[in-house]
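One-letter residues, chain by chain:
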There are 2 protein chains.
Amino acid sequence: MLKKKGSILSVREDIRVLDCTIRDGGLVNNFHFSDDFVRGVYETCVASGVDYMEIGKNNSPTLMSEEEFGAWNFCKEEDIRRIVGENNTNMKIAVMSDIGRTVKEELLPKEDSVVDMVRIATYIHQIPEAIELVNEAHAKGYETTINIMAIAKSFESELDEALEAVSKTPVDVIYIADTFGSFYPEQIRMLTEKYLKVAQDSGKQIGIHAHNNIQLAYANTIEAMMYGTSFLDATISGLGRGAGNCPLELLVGFLKNPKYKLRPILKFIEEHIVPLEKELDWGYSIPYMVTGLLTEHPRSAMKARAENDTEYEKFYNSLLDAQQ
Amino acid sequence: MLKKKGSILSVREDIRVLDCTIRDGGLVNNFHFSDDFVRGVYETCVASGVDYMEIGKNNSPTLMSEEEFGAWNFCKEEDIRRIVGENNTNMKIAVMSDIGRTVKEELLPKEDSVVDMVRIATYIHQIPEAIELVNEAHAKGYETTINIMAIAKSFESELDEALEAVSKTPVDVIYIADTFGSFYPEQIRMLTEKYLKVAQDSGKQIGIHAHNNIQLAYANTIEAMMYGTSFLDATISGLGRGAGNCPLELLVGFLKNPKYKLRPILKFIEEHIVPLEKELDWGYSIPYMVTGLLTEHPRSAMKARAENDTEYEKFYNSLLDAQQ
């Protein structure tokens, strides 16, 4: 039986807040953020006590087009340093590696990079390749995480097998990722129990990456936290693909550790997010709710939003038809 | 120790969905809805299997201005009948009575009214008057609820005393109302345990009325439900004061009882809510988050929204100053 870890008032020393505004937000605009914006996120995260900032993906320019995607899809060392310099702060820098889009040999040794953590996003069928990358990144000196995607549509027995395999690697953190934004708090609790069991037996920690398709990103994040999840992903104003993520301002507003500060985030929102909301579309809306309820990838909802399609009943019917 | 009632897949026969789109939404536009809109909500609720529709407040025209407030602030019998006729449906009609704004003698005997339920909104210090009204409404033949407001700012001992007093009345349902939209799921669970204990001992049921200031209206509603709350308030698209309420479409999307239907709600949203969103402002935003985090009434946030004030850091500081 899963027990609560700490109370609503306590400071949990194991908690790590990970901002992925640029990385998940990059999925909204193909990573075309201005340096000014990225620097703003960086400075805001440092000022608000965030523990890790994920600054983008380290996809290979040999596999994805540098014409189509902005700098933060590739995270070249010189681009990161242009923003963070030597990063002489208490905050660590993370990048995400997509299995199938990353070339592991391109990863610099840690001593040549300001990156501290490599987060590996993998589907269950790619686990062997993900493990190779964990080993490579670990050998080169990085902290690592594995984020197993699309688990709402995997057999539980296969997830168990994947977790078992991952637990034998040197990975530091295993993430519960709610790819379709479809999980309810009850399910998050069940997953937390499952992941924690595997992680604790092998001396690892677990994390949560939630999406807001059915308005539960924040609720699911604090639910997972309450039962022992340590790494908590969030983005400023929930900026992220589709319905977006757990809003950093809500998470920091909840956490009781005085090192976390709300004001810098509010300041960033008024200066950078208010204008951005006029340009980019993200956050909860009916199409995302429909894909979330049906455990579907949000891409059809993103299309509906882009086309300003508000024929919601038809949209729902078309997704139901596609499932039959 | 509180136990889960049913699983995520089960049908709970005690569940009652109560739509309060017009009543809570009326707080956004002083109850100036067109008949067409109110009829649309009514027909949508009937078609989607909603159990109760709260059509407005029954405030007294002797106490509030009929020039300033629309028909649904008063709910005269002829106005309700213009929309619902004899209401020959399975759905019941509710109205809300605000203590201090209602004249109990104006309440018609049930046999002269299509209203089925009177919901009494009361602050803790008004409980004796609320009990008088419960008795009056019960004697006249109505189902009744008591919704104790602002409990986040009450002493727990006074709340216990109020619940004890309410449990001795003929009231049918006691509501947990999250007036400031400030409760976390953990606190909702604690309140559910407290309310259930009192209600079960006296043969009553409990309900939940949530607000979305910190994006937890839906999460708190399903949390309360999971532990035995039967009456669940929701509004279409969350339409309601400030950050709004638990969205009916999410709740109906979650419930497994096949009598609840999502399609009519989606249809109503595309036809009536999409245009309304261009006229009225409601739903989660930073000012509401700030008032929710600080357990403050949302009125300052409503003012900031009305004035298009996006100086969020200043807004936060001003509320902190006011608390000191």
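Small disclaimer: the values here were computed from a predicted structure and weren't measured.

Right, let's get into the relation of the copies chain B and chain A. Its rotation angle being 180°, the transformation that places chain B on chain A also includes 0.0 Å of axial translation and leaves an RMSD of 0.0 Å. The superposition operator between the copies reduces to a two-fold rotation axis. Judged by C-alpha distance, Ala219(B) is the residue of chain B that lies nearest the rotation axis, at 3.1 Å. The share of interface residues of chain B whose copies in chain A are also at the interface is 100%, consistent with both copies meeting through the same surface.

This paragraph deals with the interface of chain B and chain A. Taken together, the contacts link 30 residues of chain B with 30 residues of chain A. Secondary structure elements with two or more residues in the side of chain B that touches chain A: α6 (185-201), α7 (217-226), α8 (248-254), α9 (263-276), α10 (286-293) and α12 (312-323) of chain B. By residue number, the principal contributor to the side of chain B that touches chain A is α9(B), which donates six residues. In terms of residue class, the side of chain B that touches chain A is built from 19 nonpolar, three polar and eight charged.

Residues and elements named next belong to chain B. Position of His211 among the secondary structure elements: in the loop between β7 (205-209) and α7. Along the chain, His211 and Glu158 lie 53 residues apart, while their C-alpha atoms are 23 Å from each other. In this structure, His211 is in contact with Asp178, Gly181, Ala217, Gly242, Ala243 and Asn245, ignoring residues within four places of it in sequence.

Residues and elements named next belong to chain A. Domain annotation for chain A reports domain 1 (16-276) and domain 2 (286-323). For domain 1 and domain 2, the distance between their C-alpha centroids amounts to 26 Å. With ten residues of domain 1 at the contact, the number on the domain 2 side is eleven residues. By residue class, the composition of the side of domain 1 that touches domain 2 is four nonpolar, four polar and two charged.

Attention shifts here to the confidence of the model for chain A. Averaged over chain A, the pLDDT score is 97; the fraction of residues at 70 or greater is 100%. Of the two predicted TM-score estimates for the complex, the pTM is 0.97 and the ipTM is 0.95.

Our next topic: the sheet that holds strand β6 (residues 173-177) of chain B. The strands making up a sheet are joined through hydrogen bonds of the backbone, oriented either antiparallel or parallel. Residues and elements named next belong to chain B. Strand order in this closed barrel of eight strands is β1-β2-β3-β4-β5-β6-β7-β8, and the pairing throughout is parallel. Neighbour-to-neighbour, the strand axes of this sheet turn through a mean angle of 25°, independent of strand direction. Here strand β3 (residues 92-98) runs beside strand β4 (residues 117-122); their pairing, made up of five bridges, is parallel. Of the residues in β4, the one forming a bridge with Ala94 is Met117. Packing of helix α4 (residues 127-139) onto the sheet brings it into contact with β3, β4 and β5 (143-148), and relative to β4 it is tilted by some 175°.

Look at helix α12 (residues 312-323) of chain A: 17 Å from first C-alpha to last across twelve residues, which is about the 16 Å you get at 1.5 Å a residue. Those residues of α12(A) not exposed but buried are Tyr312(A), Phe315(A) and Tyr316(A). When α12(A) is viewed along its axis, its buried side chains cluster within an angular range of 100° and face the same direction. Contact partners of the buried residues in α12(A): α10 (286-293) and α11 (299-306) of chain A together with α9 of chain B.

This part is about the sheet that holds strand β4 (residues 117-123) of chain A. Residue and element names in this part refer to chain A. Spatial strand order, β1-β2-β3-β4-β5-β6-β7-β8: eight strands in a closed barrel with parallel pairing. This sheet shows a mean twist of 25° between the axes of neighbouring strands, independent of strand direction. In this structure, strand β6 (residues 173-177) lies alongside strand β7 (residues 205-209), joined through five bridges in parallel fashion. Bridging across to β7, Ala177 finds its partner in His209. Helix α1 (residues 21-29) rests against β1 (16-19), β2 (52-57) and β3 (92-98) of the sheet, and its axis sits at about 35° to β2.

What follows is about the pairing of β6(A). All names here are of chain A. In terms of burial, β6 is a largely internal element, five of the five residues being buried. Neither face of β6 is left uncovered, since the one carrying Val173, Tyr175 and Ala177 and the one carrying Ile174 and Ile176 both have all their residues buried. Sheet analysis places strand β5 (residues 143-149) next to β6, joined by four bridges and oriented parallel. Following the sheet pairing, Ile148 is matched in β6 by Ile176. After leaving β5, the chain enters helix α5 (residues 156-167) and then returns to the sheet as β6, a path that is right-handed. Between the parallel pair β6 and β7, the chain is carried across by helix α6 (residues 185-201), and the sense of this crossover is right-handed.

Okay, the pairing of β2(A) next. Residue and element names in this part refer to chain A. Taking burial as the measure, the six residues of β2 include six buried ones, the bulk of the element. Two elements, β1 and β2, share two bridges in a ladder whose sense is parallel. By the bridge assignment for β2, Leu18 is matched with Tyr52. One ladder, built from four bridges, connects β2 with β3; its direction is parallel.

A separate point is the packing of α6(B) against α7(B). Residues and elements named next belong to chain B. Following both chains from N to C, one finds α6 and α7 inclined at 35°, their axes separated by 9 Å at the closest point. Judged by the sense of rotation from one axis to the other, the crossing of α6 with α7 is right-handed. Here Pro185, Ile188, Arg189 and Thr192 of α6 come into contact with α7, specifically with Ala219, Asn220, Glu223 and Ala224.

All names here are of chain B. The element helix α1 (residues 21-29) is largely enclosed, with a buried count of seven among its nine residues. Looking at α1, one finds that the buried residues are Thr21, Ile22, Arg23, Asp24, Gly25, Gly26 and Val28. Where α1 is buried, its residues meet β1 (16-19), α2 (35-47), β2 (52-57) and β3. Just beyond α1, the residue with positive phi is Asn30, at close to 50°.

What counts as what
Residues numbered from 1 in each chain as written. Chains lettered and ligands numbered in written order. Predicted model: local features only at pLDDT ≥ 70, side-chain atom pairs only at ≥ 80, totals over all residues. Least-squares fit on C-alpha atoms with pLDDT ≥ 70 in both. Contact = placed C-beta atoms within 7 Å. Helix = DSSP H or I, 4+ residues; strand = E, 2+ residues; numbered from the N terminus. Nonpolar A, V, L, I, M, F, W, Y, C, P; charged D, E, K, R; others polar. Domains from an automatic or database assignment. pLDDT = per-residue confidence, 0-100. Pairing = 2+ DSSP bridges. Axes fitted to C-alpha atoms, helices over the stretch in contact; angles between N-to-C directions. Expected span 1.5 Å × (residues − 1). Buried ≥ 20, exposed ≤ 12 C-beta atoms within 10 Å, placed from the backbone. Arc of directions from axis to C-beta. Right-handed = clockwise from strand over helix to strand, strands pointing away. Left-handed = near helix turned anticlockwise from the far one by under 90°.

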